Amino acid sequence: MQPSVESLVRLLESYRGRDKVIRTACYGSQLVGGALSRRAEADNSSHRLGKRLLLFSAQLSHCRTVLRLFDDLSMLAYSKSYGFGGKEEDAGLRWLSVLNNVADQLYYPCEHIAWAADAELIKVKSDKWWVLSTVLWGSSLLLGILRSLRVLMLLKKTLNRCESDEGGNSSPSQLRRQMRGEILTILSSTVDLSNAVHWMPPGFLWAGRFPPWLVGLMGTISSLVGLIQMNAGDSEETDST
């Protein structure tokens, strides 16, 4: 029990860890709240609890939006350090990463403008800015999926060379671990992309057709995958030290 509490405390002490916990609670509340609110005819108390959980989820989502007001500089620093990916040997991987960084960089100011408009800090309509930020988020997710698929293909080639005693210093177990990480990234990005399409204007694919519980389910899956990856990354750092 004590180690679990200490791990949770360490997670909450970091910005990245706290955001993942809030995200998991947000989508988990939407999943449960959406499922309970569907039982209105059978149980009024469950319906009321479901509505409260949906309101709680909305507040957590708003909290994450406000916290992202301070992410622009860290994203800019990352984009600047990556540049045009001169250190990447594969051209396809390099340009997918550059485009991904551009989409992420543009996403933040668009979301900030939409938030400021909703808060009546500026006199513009927020709708188009929310749509634009959703398009950029979806584009980033799609580029991330394509990038992970490219990485998987390159890792598979390296693994084949390694297994035929031509892989140099590459370790098969390390390569397989990296491949599992990319597969989890694809899973996480795919379910997030399904939600991004749902939040697009009506008429675009399945936009607006997801019930709240399904949005919560998709987001919960993505959030749990993110926590698993974060824990795996922390474990690897611990092992290396």
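Looking at an unreviewed UniProt entry, the protein carries the name Peroxisomal membrane protein 11C, with the source organism given as Dissostichus eleginoides.

Glancing now at the packing of aromatic side chains. When we look at a pair of aromatic rings, we describe it by the centre distance and by the angle of the planes. Tallying each qualifying case throughout the model produces four aromatic pairs. An angle of 55° between the planes, with centres 6.1 Å apart, marks the rings of Phe84 and Trp95 as tilted. With Phe84 in the loop between helix 4 (72-82) and helix 5 (91-118) and Trp95 in helix 5, this residue pair connects regions lying eleven residues apart in the sequence. Assessed through its relative accessible area of 62%, Phe84 is described here as exposed. Between Trp206 and Phe210, the aromatic rings sit 6.4 Å apart at their centres with planes inclined by 10°, giving stacked as the arrangement. Note on Phe210: relative accessible area 17%, which makes it buried.

This model, assessed by the stated rule, comprises five salt bridges. The partner of Asp192 in a salt bridge is Arg23, and the shortest N-O contact between them spans 2.9 Å. Of this pair, Asp192 sits in helix 7 (residues 172-198) while Arg23 sits in helix 2 (residues 15-37), and the two are 169 residues apart along the sequence. Judged by its relative accessible area of 11%, Arg23 is buried.

What follows concerns the packing of helix 4 against helix 5. To characterise two packed helices, one gives the angle between the axes of the helices and the distance between these axes. Across the interface, helix 4 lies against helix 5 with an axial gap of 10 Å and an inter-helix angle of 160°. Between helix 4 and helix 5, the interaxial angle falls into the category roughly antiparallel. Considering the relative orientation of helix 4 and helix 5, their crossing is left-handed. Touching Asp72, Met75, Leu76, Tyr78, Ser79 and Tyr82 of helix 4 are Leu93, Arg94, Ser97, Val98, Asn101, Asp104, Gln105, Tyr108, Pro109 and His112, all from helix 5. Looking at side-chain class alone, the contact of helix 4 with helix 5 contains eight nonpolar, five polar and three charged residues.

Turning our attention to the nonpolar core. Inside soluble globular proteins, nonpolar side chains tend to come together where they are buried. Core analysis: the biggest nonpolar cluster contains ten residues, these being Leu93, Ile145, Val151, Leu152, Leu155, Leu159, Cys162, Leu175, Met179 and Ile186. Listing elements by their share of this core, those giving two or more residues are helix 6 (127-163) and helix 7. At six residues, the largest contribution of residues to this core is made by helix 6. Dropping the residues within four chain positions of it, Leu152 is found in contact with Met179, Glu182, Ile183 and Ile186. Among the nonpolar cores identified, the runner-up in size contains six residues, and Tyr27, Val191, Val215 and Met218 belong to it.

Here we come to the environment of Ile221. Within the secondary structure, Ile221 is located in helix 8 (residues 212-240). By relative accessible area, Ile221 is classed as partly exposed at 31%.

Residues Leu121, Ile122 and Val124 make up a contiguous nonpolar surface patch of roughly 250 Å² in combined accessible area. Relative to the elements of secondary structure, Ile122 occurs in the loop between helix 5 and helix 6. Judged by relative accessible area, Ile122 falls into the partly exposed class, the value being 35%.

Time to look at the environment of Asp72. Looking at where Asp72 falls in the secondary structure, it is placed in helix 4. For the pair Asp72 and Asp104, spaced 32 residues apart in sequence, the C-alpha to C-alpha distance is 9.4 Å. For Asp72, the residues in contact, after removing those within four places along its chain, are Gln105, Tyr108, Pro109 and His112.

Okay, the state of the cysteines next. Disulfides are covalent bonds that connect the sulfur atoms of two cysteines. Under the defined criterion, the tally for this structure stands at zero disulfides. Cysteine Cys63 shares no disulfide, and the gap to the nearest cysteine sulfur, in Cys26, comes to 9.4 Å.

To continue, consider the environment of Gly181. Along the chain, the position of Gly181 falls in helix 7. Sequence separation of Gly181 and Ala232 is 51 residues, and the distance between their C-alpha atoms is 9.0 Å.

Next up on the list: the packing of helix 5 against helix 6. It is at 8 Å that the axes of helix 5 and helix 6 come closest, and there the two elements cross at 160°. Here helix 6 runs roughly antiparallel to helix 5, going by the angle between their axes. Crossing geometry of helix 5 relative to helix 6 is assigned as left-handed. Taken together, the residues of the contact of helix 5 with helix 6 break down into 19 nonpolar, five polar and five charged.

Reading guide: rules and limits
Residues numbered from 1 in each chain as written. Predicted model: local features only at pLDDT ≥ 70, side-chain atom pairs only at ≥ 80, totals over all residues. Heavy atoms only, no water. Phe/Tyr/Trp six-rings, centres within 6.5 Å; stacked < 30°, edge-to-face > 60°. Helix = DSSP H or I, 4+ residues; strand = E, 2+ residues; numbered from the N terminus. Buried < 20%, exposed > 50% of the residue type's maximum accessible area, 1.4 Å probe, protein only. Salt bridge = Lys/Arg side-chain N within 4 Å of Asp/Glu carboxyl O. Axes fitted to C-alpha atoms, helices over the stretch in contact; angles between N-to-C directions. Parallel < 35°, antiparallel > 145°, perpendicular 65-115°, else oblique. Left-handed = near helix turned anticlockwise from the far one by under 90°. Contact = heavy atoms within 4.5 Å. Nonpolar A, V, L, I, M, F, W, Y, C, P; charged D, E, K, R; others polar. Core = buried A, V, L, I, M, F, W, Y, C linked by side-chain atoms within 4.5 Å. Patch = residues over 30% accessible without salt bridge, like charges linked within 9 Å, V, L, I, M, F, W, Y side chains within 5 Å. Areas by Shrake-Rupley, 256 points an atom, 1.4 Å probe, with all protein chains shown as cover. Disulfide = S-S within 2.5 Å.

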